[in-house]
Amino acid sequence: MPRNTEHHTFSARLDCRYLLRVPEQMDGSTVLVLALHGYSSNPEDMLRLTAGMVGDRHIVASLQAPNQHYLNQGQPGVEPVIGYNWGVRDHWGSVVRLHHDMVLEVLAALRGRFGIPAARCMLTGFSQPVGLNYRFAATWPGEVRGVAGICGGVPRDWEEDKYQTVTAALLHISRQEDEFYRPEVSLTFPERLRKHASDVEFHLLPGGHRFPSGARHIVQPWMERVFAV
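Below is a summary of the structure that appears in this document. All of these numbers come straight from a predicted model, not from anything done at the bench.

What counts, and where the lines are drawn
Residues numbered from 1 in each chain as written. Predicted model: local features only at pLDDT ≥ 70, side-chain atom pairs only at ≥ 80, totals over all residues. Heavy atoms only, no water. Helix = DSSP H or I, 4+ residues; strand = E, 2+ residues; numbered from the N terminus. Buried < 20%, exposed > 50% of the residue type's maximum accessible area, 1.4 Å probe, protein only. Pairing = 2+ DSSP bridges. Contact = heavy atoms within 4.5 Å. Polar contact = N/O pair within 3.5 Å; in protein donor to acceptor, adjacent residues only side chain to side chain.

Attention now goes to the environment of proline 129. By the element assignment, proline 129 lies in helix α3 (residues 129–139). Judged by its relative accessible area of 0%, proline 129 is buried. Placed 42 residues apart in sequence, proline 129 and glycine 87 show a C-alpha to C-alpha distance of 9.7 Å.

Below you can see the structure in the form of structure tokens.
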């Protein structure tokens, strides 16, 4: 690139979207669950998977990632499939800031609408947003009471002192045949997470990099312990 090339950045407005499932009845045990889908997925699939995982007693909001891309090249007369992602590593600083802004916005809006305190809010994600969610919990302590990460990783910079003490309980579910996070890596996650969090629960399940059908048998008892539901 020529030496006289200048680099400039600016901020612009972005239309964000989330889907919401509200239970027919709510009471003091209702939990507000904010779910973030994985790379190339969508909020529709994540809403369905999360609702099945946490049960029908809780509010579930499924947030769409801000970046979109085509999953196939498309053919004449065939509608192309669109997936969404949370960003790429070359611009990770802005990715993290935007993720924080989006999560804060949705939490504030839904807490205000339903009168749900932060102590009854849960953040969950599959794959790509797992590390982003851990960063959020360690940057904004007190915004959520629990964070559940599925088939994702721990931030590369997690050991740095820029993060605060995590007040949320952390639940991490890994899989033995995950092609992105091999067991020799994922088994280090509990100790790493305890660098900033005291309440860490870890499970290693059979299977590859997919949302585990048996996650509800782990997540629901964890929610009973953390939120007293």
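A word on the pairing of strand β6 (residues 121–126). With six of six residues buried, β6 is to be regarded as a mostly interior element. Where burial is concerned, the two faces of β6 agree: the one with Cys121, Leu123 and Gly125 and the one with Met122, Thr124 and Phe126 are both buried. Note that strand β2 (residues 32–36) and β6 share five bridges and pair parallel. Looking across to β6, one finds that alanine 35 is bridged to threonine 124. Across five bridges, the pairing between β6 and strand β7 (residues 146–150) is parallel. Within the sheet, the bridge partner assigned to methionine 122 lies in β7 and is glycine 146.

Moving on to unusual backbone geometry. Although it is not a glycine, serine 40 sits at a positive phi angle of roughly 70°. Position of serine 40 relative to the elements: it lies in the loop between β2 and α1 (43–54). Residue cysteine 151 is not a glycine yet carries a positive backbone phi of 55°. By the secondary structure assignment, cysteine 151 is in the loop between β7 and β8 (169–175).

On the secondary structure map, histidine 209 appears in the loop between β9 (200–205) and α6 (216–227). Separated by 119 residues in the primary sequence, histidine 209 and aspartate 90 have C-alpha atoms spaced 24 Å apart. Excluding residues within four positions of it along the chain, histidine 209 makes contact with Phe126, Ser127, Cys151, Asp178, Glu179, Phe180 and Tyr181. Engagement of the side chain of histidine 209 in a polar contact is seen with the side chain of aspartate 178, the distance being 2.8 Å.

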